[in-house]
Amino acid sequence: MLRTYSSQELERILHQHQTRFPLESRGLNVEQKALLREFHRYLNSKGLYKSKHFSIHDLARFLKARQWDLEQAVAMWEAMIEWRREQRVDDIFEWFVFKELVEYQKVYPTGIHKTDREGHPVLIQQLGRVDINKLYKVTSEERLKLNHIKEYEQLRLVAFPACSVRSGRPIDQLCTIIDLDGISFGDMMRTRKLLTMFMKTDSDNYPETLARMFIINAPGWFSSMWNGVKSFMSGDTSKKIEILGKDFKAALLQQIAPENLLKEYGGLSIGPLTQNIGPWDDPQLLKLLLEPPSIPSPLPLNAPSSSLLPPSSSSSLPPSSSSLPPPSLPSPPIPQPQTLPPPPLPSQSQTQPLLAATPSASKEAGATVSMPPSTPTTTPIHATSSSVPPPPGQSKGEENVPSPVSVEGGGKKAEGGGKERGREAETPLEGGSGKRREEEKERG
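Quantities reported herein were computed from a predicted structural model and do not represent experimental measurements. (Residues numbered from 1 in each chain as written. Predicted model: local features only at pLDDT ≥ 70, side-chain atom pairs only at ≥ 80, totals over all residues. Heavy atoms only, no water.)

Caption draft 1: Fine view of unusual backbone geometry. Of the consecutive residues Gly271 and Pro272, the connecting peptide bond is found in the cis state with omega at 10 degrees. Among the secondary structure elements, Pro272 is positioned in the loop between helix H12 (249–255) and helix H13 (283–289). Notably, Gln67 is not glycine yet its phi reads approximately 50 degrees, a positive angle. Within the fold, Gln67 resides in the loop between helix H3 (56–65) and helix H4 (70–87). (Helix = DSSP H or I, 4+ residues; strand = E, 2+ residues; numbered from the N terminus.)

Set out below in structure tokens:
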């Protein structure tokens, strides 16, 4: 019995298995790929395929079991779905607990021990050590059936994906060793019913999951009994089974490396068998299988605009980082406030705002307020665009001679409390510009 996982963990492992080993990894030809896609499309349209329970590898096994006949594969799949509903297989991990496991293993020693040379998990059943009388005291036939189903689901959903990652190719088959050492004819007859039930369940609902089977320590009378058992298998399956006597070690070592084969069968590995040692209990490998789905999730709807990245950079991010820029890209420069230089003195063709008259200038007509040219000025509230005079400076021909900015004339108008405010725009503000206006008037 392997470790039990939650439904969410099993779904995640199944997703990782199919993501790492897609359809192209199975080595199918063009016609087989087309049949598998059509098989998938049909089952989806009928609601008979759920990605949280199955993968394309399951579809391929059913098609292969029916020699790639689509109609027969559909009929087989439909019967399997009905069987799963009757046995409540989809959620068997939630409701079935084999509490008698420890006592069961004492009277029916079985387990999965490492992998063969091709990467398949090795299932070992020591039927010669089964105490059938005690077995039915420990548990019932119905509970044995349910435990067998649960174990096969663990194989399909955990062991096969783990072995696939370890070997680098899709693995969905078992290498099985059935050890008959010490079994009597009577015990074999009583065990036959149980074996037949297991084999029919596997053949109908988990087809094409047998890579090789070795029946070792078989007594002479076993062959005649075996003919009745293998009647539940397809022709291709029966060809994978090899019946051996006491001389089996060479055949097993050809299929299984010494470090992966138990010592009692000619290898170097130490058990116990019931510990279920293999890739499926490797913490680092399981961490890979339990990773979140590799397909990036969409950005959150309420994400601020600054966190939205262009498709080229956000497509490779994991879901948890979708709103952050990728580490390899530099952060955009933060705009720094710029200190603007003081505006240059305007030329004579530009306009200059009015200088604010001081209280003394408003009281005395003809008062002169002198300021350096670089001193910023302010505009009175009552000034208008038409009241902007020519810029301070020199008259024509005196460009290189600095002169103070002065306010001339108009003092009486300012003192009048604004009675003639509308005519202030005509008041000359600078001696040089006033002379030029007088000359223009005379010429006119």
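Caption draft 2: Examining the packing of aromatic side chains more closely. According to the stated counting rule, one finds 14 aromatic pairs in the structure shown. Ring geometry for Phe248 versus Tyr265: centroids 6.2 Å apart, planes at 65 degrees, classification edge-to-face. Taken together, the positions of Phe248 in the loop between strand E5 (241–243) and H12 and Tyr265 in the loop between H12 and H13 put the pair 17 residues apart, joining distant regions of the chain. The structure contains a cluster of three or more aromatic residues connected by ring pairs, namely Phe39, Tyr49, Phe54, Phe62 and Trp77. Across the ring face of Trp95, the terminal group of Arg88 is positioned such that the distance to the ring centre comes to 4.2 Å. (Phe/Tyr/Trp six-rings, centres within 6.5 Å; stacked < 30°, edge-to-face > 60°. Lys NZ or Arg CZ within 6 Å of the ring centre and 35° of its normal.)

Caption draft 3: Local environment of the environment of Pro109. Its place among the elements puts Pro109 in the loop between helix H6 (101–107) and strand E1 (110–115). Setting aside chain neighbours within four positions, we find Pro109 in contact with Ile124, Gln125, Gln126, Arg129 and Leu273. (Contact = heavy atoms within 4.5 Å.)

Caption draft 4: Layout of H4. Between its first and last C-alpha, H4 extends 26 Å over 18 residues, near the 26 Å set by a 1.5 Å rise per residue. Where H4 is buried, its residues meet helix H2 (30–45), H3, helix H5 (92–95), helix H8 (141–167) and helix H9 (185–205). Capping the start of H4, Asp69 holds a side-chain oxygen 3.1 Å from the backbone nitrogen of Glu71, two or three residues further along. (Expected span 1.5 Å × (residues − 1). Polar contact = N/O pair within 3.5 Å; in protein donor to acceptor, adjacent residues only side chain to side chain.)

Caption draft 5: Representation of the nonpolar core within the structure. Counting 56 residues, the largest nonpolar core has Tyr108, Leu135, Leu180, Ile215, Trp226 and Trp280 as its most contacted members. No other element matches the 11 residues that H8 contributes to this core. Setting aside chain neighbours within four positions, we find Leu180 in contact with Leu127, Gly128, Met188, Ile215, Ile216, Asn217, Ala218, Pro219 and Phe222. Residues Phe54, Ile56, Val74 and Trp77 belong to the second largest nonpolar core, which totals 21 residues. (Core = buried A, V, L, I, M, F, W, Y, C linked by side-chain atoms within 4.5 Å. Buried < 20%, exposed > 50% of the residue type's maximum accessible area, 1.4 Å probe, protein only.)

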